[in-house]
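Chain residues, written in single-letter form:
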Amino acid sequence: MINLSAMRSLDFTSLLLFSAIFCVILIIYGEWQDAHMEVNYTDVDYLVFSDAVSLMASGDSPYKRTTYRYSPLLAFLLIPNSLIHRSWGKFIFSASDLLVGYFIHFILQQRKVPRKLCNYCVMTWLFNPFTFTIGTRGNCEPVVCAMILWIIICLMKGTVLLLYDDLSHNLCHPYCPGSRSKFLPIRSETILENWTAAQAERLNDGNCLCSLYNLLKCIFTRKRLMFGLVSAAVFFLFTVVEKLISFLLQFMVQLVLILCFAKDLPFCLFAQTVAFNKVITAQYFVWFFCLLPLILPWSKMKLKWDGMLCILSWMGAQVHWLMWGYLLEFKGINVFLELWVASLVFHAANVFILTLVIRHHRFSSFFQVQNCC
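Residues numbered from 1 in each chain as written. Predicted model: local features only at pLDDT ≥ 70, side-chain atom pairs only at ≥ 80, totals over all residues. Heavy atoms only, no water.

**Q** Explanation requested: the overall build of the protein chain in the structure shown.
**A** For the protein chain, the count of helices and strands is 19 helices and zero strands. Burial status across the protein chain gives 38% buried among its 373 residues. For the protein chain, restricting intrachain contacts to residue pairs at least 6 apart in sequence, the fraction spanning at least 24 positions comes to 73%. Surface exposure of the protein chain reaches about 22000 Å², of which carbon and sulfur atoms provide 70%. (Helix = DSSP H or I, 4+ residues; strand = E, 2+ residues; numbered from the N terminus. Buried < 20%, exposed > 50% of the residue type's maximum accessible area, 1.4 Å probe, protein only. Contact = heavy atoms within 4.5 Å. Areas by Shrake-Rupley, 256 points an atom, 1.4 Å probe, with all protein chains shown as cover.)

In structure tokens form, the structure reads like this:
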């Protein structure tokens, strides 16, 4: 008799395998396009990475390469670019793409999403043309996406990414390495709200007010306020304050989204990433694309009408912007005004789509509600 559970697991394995083969084909094709066409397939940042790697491999600093503004760990990871092949980094970034797909599948399984729906959600990442081209072009954003989903998994398991947490905190407070756990005690066990139970969950206006009160009560404890004040003081002490003014509108929007959607963690992260992002280019789209599969099982939006409207609006605004960007960067035509208008149109499209997504989302607590006391 055929083992049905093995067949179901094979479905996801097949998706990963097919995606891996597709990425290899694109990397090989990219080498050909770079040699024969006007517009390179390889991202310009990858050339910066490779130059910085060459400097590090020869015992020099990667920051001697102008415009290299990334972690030295990235250059260290790509040293085989100089020793083995220049496409090494593309394979690393594409492998991170697959890892993101695996993490999406794991998170949805933990939330008891039906297996078939789970696989469909994974496909929106693995076979999305705006995501699988990023890693194969040599952009490191899939690594960032993998880290974001890894942090979500750590929260699901009731553990904190201790290495990252301690390092980041001790860099600001080297004189008090053990104070993190004192200010922000972490629960050792968490209970996830699963997909089946969430289908019956509805939040009316009264519950929203109650939930907002309880949320504020849980967040703004004395110890957490103290930790936040100390962290903010250190942050502002070492920053140029004038540059933060440009983030004021984004900060206000982020704060509203946190207060409204904090309990639905994946959706809150998704909305924050889409809304009023100060810097947004093609590779940054993967930041919210990696979170999109995590909210699709809770969406009431139908592909036939609203879903297709969102897809066409976003793609149309994106292609329109890229057209003016191409004329400016590759043809040297003065289209700054047109590019600015295209940016406004693209921003309006993002806000419109986010509004529709919020309206059709079935809000569900990421963790089961527990007593804060």
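**Q** Just checking my understanding: could you explain unusual backbone geometry for this structure?
**A** For residues other than glycine, phi is negative in most cases, and the peptide bonds are mostly trans. The phi angle at threonine 67 is positive, at roughly 75°, despite the residue not being glycine. Along the chain, threonine 67 turns up in the loop between helix 2 (44–57) and helix 3 (72–77). For lysine 112, which is not glycine, the phi torsion reads 65° and is therefore positive. Residue lysine 112 is classed as exposed on the basis of its relative accessible area of 53%.

**Q** Honestly, the packing of aromatic side chains in this entry has me stumped. Any pointers?
**A** Any aromatic ring pair is given by two values, namely how distant the centres are and how the planes are angled relative to each other. Per the counting criterion, the structure on display carries 21 aromatic pairs. Pairing phenylalanine 49 with tyrosine 70 gives two aromatic rings, centres 4.9 Å apart and planes at 80°, and the pair type is edge-to-face. Linking phenylalanine 49 in helix 2 with tyrosine 70 in the loop between helix 2 and helix 3, this pair joins segments that are 21 residues apart in sequence. For the pair shown, phenylalanine 49 and tyrosine 70 are each scored as buried. Judged by centre distance (6.2 Å) and plane angle (85°), the ring pair of phenylalanine 270 and phenylalanine 288 falls under edge-to-face. You can see phenylalanine 270 sitting in helix 15 (residues 265–274) and its partner phenylalanine 288 sitting in helix 16 (residues 285–289), a full 18 residues away along the chain. The exposure class of phenylalanine 288 is buried, given its relative accessible area of 8%. (Phe/Tyr/Trp six-rings, centres within 6.5 Å; stacked < 30°, edge-to-face > 60°.)

**Q** Before we go on, may I ask you to explain the environment of isoleucine 358 in this structure?
**A** Checked against the element boundaries, isoleucine 358 lands in helix 19 (residues 336–360). Separated by 97 residues in the primary sequence, isoleucine 358 and phenylalanine 261 place their C-alpha atoms 9.9 Å from one another. Leaving out residues up to four positions away in the same chain, isoleucine 358 has contacts with Phe261, Phe267 and Phe363.

**Q** It is not clear to me how the packing of helix 5 (residues 88–110) against helix 6 (residues 115–126) should be interpreted in this structure. Could you clarify?
**A** When two helices pack together, their arrangement is given by the angle between the helix axes and the distance between those axes. In the contact formed by helix 5 and helix 6, the axes pass within 9 Å of each other and the chain directions differ by 155°. Relative to helix 6, helix 5 is oriented roughly antiparallel. Both helix 5 and helix 6 take part in a crossing whose hand is right-handed. Packed against helix 5, whose contacting residues are Asp97, Leu98, Val100, Gly101, Ile104, His105, Leu108 and Gln109, the element helix 6 presents Arg115, Cys118, Asn119, Cys121, Val122, Trp125 and Leu126 at the interface. Taken together, the residues of the contact of helix 5 with helix 6 sort by class into nine nonpolar, four polar and two charged. (Axes fitted to C-alpha atoms, helices over the stretch in contact; angles between N-to-C directions. Parallel < 35°, antiparallel > 145°, perpendicular 65-115°, else oblique. Left-handed = near helix turned anticlockwise from the far one by under 90°. Nonpolar A, V, L, I, M, F, W, Y, C, P; charged D, E, K, R; others polar.)

**Q** When you look at a nonpolar patch on the surface in this model, what are you seeing that I'm missing?
**A** Judged by side-chain polarity, Leu248, Phe251, Met252, Leu255 and Leu259 come together as a nonpolar surface patch covering roughly 480 Å² of accessible area. Along the polypeptide, leucine 255 turns up in helix 14 (residues 248–261). Overall, leucine 255 belongs to the partly exposed group, its relative accessible area being 41%. (Patch = residues over 30% accessible without salt bridge, like charges linked within 9 Å, V, L, I, M, F, W, Y side chains within 5 Å. Salt bridge = Lys/Arg side-chain N within 4 Å of Asp/Glu carboxyl O.)

**Q** I keep staring at helix 7 (residues 129–136) and nothing clicks. Help me out?
**A** For an α-helix, the turn length of 3.6 residues means that residues three or four places apart are oriented alike. All buried positions along helix 7 are accounted for by Thr131, Phe132, Ile134, Gly135 and Thr136. The N-cap residue of helix 7 is asparagine 128: its side-chain oxygen and the backbone nitrogen of phenylalanine 130 are 2.9 Å apart. Of the residues trailing helix 7, glycine 138 is marked for its positive phi of about 95°. (Polar contact = N/O pair within 3.5 Å; in protein donor to acceptor, adjacent residues only side chain to side chain.)

Everything listed here is a matter of geometry and, on its own, says nothing about what the molecule does.
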